[in-house]
Each structure stands twice: as structure tokens, then as C-alpha cells.
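Working through the structure, step by step
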Amino acid sequence: MTPTTYVSFSTKTLLKLVGILGLCFLAFLLKHFILIILVAVVIASFTEPAVLRLRKIHIPRYISVPFIFLVGISVLILAVALLVPVFAKEINELVTLLPKGSDLARGITSFNRFGFSEMTLQKFTGSSNPLTIVQSIMSFISSSGVASFASGLLDTTLVIILAFYLAITEKGVDQFLKVITPAEYETRVLGIWERSEKKIGDWFGGQVIAALIVGIMTYIGLLILNVPYAAVLAFAVAVFDLVPFGTLIGAVPSAINGFLSGGFALAFWILVLYFIIHEIEVYIIQPLVIKKTVGIPIVIMLISVIAWGILGGVLGILISIPCAVVVMELIDQKKTETEIVEQETQA
């Protein structure tokens, strides 16, 4: 007769299980807020290597941090300012491809001539009734992604403010980790973060170098293809390349610009150019510049980008590589601890 096996759980174990499930559910509900905090922590860690270098030439943190943030924000604003005229010209040319007499075509033409006026609204909505105009505008906002854009702008503002606070405070991230980490794990967590922070800073420095190389290659390629606004588009690609798959993202405005200025043939060759540059970056530049500084295989980076992109969208992609760095650091520490235990056992 087969003996009966009983599995019993103590009250303490059940409470721990319920607590873990409760924390997981709470984390799921606060996923967006947690992602904002993680992105802010990552951005603060990006600035730390530059802050330490500037400190060596006697520039204090309260000066270096605002300077670094000012430069970063200025680069983003410059990228937008350079791209807006390009897109404005493309929109004007796009009007010629739209059916003549359509509300969208008439609305864009009116906006170019008269700005945001009553005539422009009438062209877009097809009505002079104020109530109808308001309803059309609200429908456009809800269906065109304007609300999502406003939400993204708010998230960006929160991230910048929180990251600035963490960066300008001496050991700001360390203090934050001390608050949220149980006392018995505090030393271990801070040690892992100290090593990870250095690797994250090295990765970002390597990514900046890679972005500059990609920007130069893109500029030369676009000049060879005789693409209008080659310098502006190459600069945009360099900025986009600071995030994973940035080269492919930067291909979109270039392909549109090529299509409007040279047709399908030019757009096709621009996409081929960007694909070649992307392959060079993935298989040559990143292994030499980034993997050498961080020590993470390209496959692990790709898996991390896809996983975090699914979980958190754009915010998830921004923290994908730093999170991979932390995970690899945890694995390395676990291996080290295991080897130490084995050596003590053999002794």
C-alpha cells in the first residue's frame, strides 16, 4: 500500500505567500509609476560619471548637475527644432498628394495661410457651428493620439524633475535604495548598485560614442544619395540612437523625406542605407564599444529590450539595458558566492 504524503503550510508561510502576491498585484497597479521612478534612477546614474569627472577639476555637484541636464535638454530641443521645419515642408508637399477638395487638404492649406483661425477650423471640421467645431476637435484629440502625447509630456516632466533631484543630491540613489530596502539586505543591495551604476555609466558613455559614429555614417550616406536635409536627419538619428533601435526609429522621417523629394526609389535606398548602418552598429560598433565596457552579450540586450518594451512601452525600452546590467550583476554575485561556499566546503 502506497503511503499517503501530506503537505502542510505554516501560518507564517501562508502569510508570506499572501504578502508576496499582494505586493505583485500592487506593483502591477502601480506599474506606470514604478517605471517613471526607474527611468529617473537610470537617468541620474547616467550623470554620475560626468559629475565625478567634473569634480576632479573642482566643479561642485550643484553646478555640474544643472549644467549636464541643461546640455541634455538643449540637445533634445535642438533636435525637435531642426526636425519641425523638415516635417512642415513635408506636410505641405503631402497636401498635393491628397484628394483635392478634401477637408484635411483644405484645412492644412488654410492653417499655412491664416494660422489657427475660425476659417482654419471651418476648413478642418466642415462646419461653422461652434458646438460642432468643439465636438470635432474633441473627437480628433481622442482618436489621433493627442491625449497620449500630453500624457507622455507629463511623464517626461516628472522623470526629469525626479532624476534631477536624485542626481543633485549626494548619493541620492543610494539614499533612495536605503529607504525602500529592508535593513538586512541593505549592504548587499548597495554593493550591487554601486557596481551596476559604474557599468550603466560606462554603457551610456559607449552609447554616446556609438551614436556619434552612426550619425557621421548616416550623414555621409545621405549626402551620397543626395537626400535633402542630410545634416538635420543625421543629427536626429544620432539623438534617437541613444535608445535601443534608435537607428531604425530615425529611418522613418528620412524615408518619408526621401519619398516626398525623390519618390519610392529614393525612399527604398534610404531604408537600405539605414539597414546597413544598423547592422554595422549591432555587429561591429556595439560589440567593440558597448559590450567591452559593460560585458553583456548582444543577445541578452535584445531580450531585455523586447521584454521591457512589452511590459512598459517606451519607458520600458529606456530602462531595458540598465536593468539587464543589474540582473547580470546579480548573477555574477551569486556565482561568486557559490564559488566561495564550494571552496570553504572543500577546505
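The preceding data block contains the structure.
A quick note: this is a predicted structure, and the numbers were derived from the prediction, not measured. (Residues numbered from 1 in each chain as written. Predicted model: local features only at pLDDT ≥ 70, side-chain atom pairs only at ≥ 80, totals over all residues. Heavy atoms only, no water.)

**Thoughts on the overall build of the protein**
Within the protein, the regular secondary structure consists of twelve helices and zero strands. From first element to last, N terminus to C terminus, the protein shows the α and β order α-α-α-α-α-α-α-α-α-α-α-α. Relative to its 347 residues, the protein shows a buried fraction of 33%. Expressed as a percentage of contacts within the protein between residues at least 6 apart in sequence, the contacts between residues at least 24 apart total 62%. Here the protein displays about 21,700 Å² of accessible surface, and carbon together with sulfur accounts for 73% of that area. (Helix = DSSP H or I, 4+ residues; strand = E, 2+ residues; numbered from the N terminus. Buried < 20%, exposed > 50% of the residue type's maximum accessible area, 1.4 Å probe, protein only. Contact = heavy atoms within 4.5 Å. Areas by Shrake-Rupley, 256 points an atom, 1.4 Å probe, with all protein chains shown as cover.)

**Details of a nonpolar patch on the surface**
Taken together, the side chains of Leu23, Phe25, Leu26, Phe28, Leu29, Leu30, Phe33, Ile34 and Leu38 present a nonpolar region at the surface, about 910 Å² in accessible area. Elements that contribute at least two residues to the nonpolar patch include exactly helix H1 (11-29) and helix H2 (31-56). With five residues, the single largest contributor to the nonpolar patch is H1. Structurally, the position occupied by Leu29 is in helix H1. According to the relative accessible area criterion, Leu29 is exposed, its value standing at 55%. (Patch = residues over 30% accessible without salt bridge, like charges linked within 9 Å, V, L, I, M, F, W, Y side chains within 5 Å. Salt bridge = Lys/Arg side-chain N within 4 Å of Asp/Glu carboxyl O.)

**Things to note about the packing of H2 against helix H9 (residues 186-224)**
At a closest axis distance of 8 Å, the pairing of H2 and H9 adopts a crossing angle of 75°. Our classification of the angle between H2 and H9 gives roughly perpendicular. Listed contacts from H9 to Val41, Ser45, Phe46, Glu48 and Pro49 of H2 are Trp193, Glu197, Ile200, Gly201, Trp203 and Phe204. When grouped by side-chain class, the residues that make up the contact of H2 with H9 number seven nonpolar, two polar and two charged. (Axes fitted to C-alpha atoms, helices over the stretch in contact; angles between N-to-C directions. Parallel < 35°, antiparallel > 145°, perpendicular 65-115°, else oblique. Nonpolar A, V, L, I, M, F, W, Y, C, P; charged D, E, K, R; others polar.)

**Focus on the side chain of Asp155**
Secondary-structure assignment places Asp155 in helix H7 (residues 146-168). For Asp155, a relative accessible area of 12% translates into the label buried. Ignoring anything within four residues of it in the chain, the contact list for Asp155 reads His32 and Ile36.

**Side note on the layout of surface pockets**
One way to see where empty space is left: roll a probe the size of a water molecule over the atoms. Computed from the structure, the second largest pocket encloses a volume of approximately 1,000 Å³. Looking at the second largest pocket, it is lined by 29 residues, and the ones nearest its centre are Ile34, Leu38, Phe176, Leu177 and Ile180. When grouped by side-chain class, the residues that make up the lining of the second largest pocket number 26 nonpolar, two polar and one charged. (1 Å grid on protein atoms, 1.4 Å probe; cavity = no way out; pocket = protein on both sides within 12 Å on 5 of 7 lines; lining within 4 Å. Points joined across faces, edges and corners; volume = space filled by probe spheres on them.)

**Side note on the pattern of salt bridges**
Counted under the stated rule, the structure contains five salt bridges. In this structure, Glu329 and Arg195 form a salt bridge, with 2.6 Å as the shortest nitrogen-oxygen distance. Here Glu329, found in helix H12 (residues 298-346), pairs with Arg195, found in helix H9; they are 134 residues apart in sequence, far enough to count as distant. Residue classification places Arg195 among the partly exposed residues on the basis of a relative accessible area of 36%.

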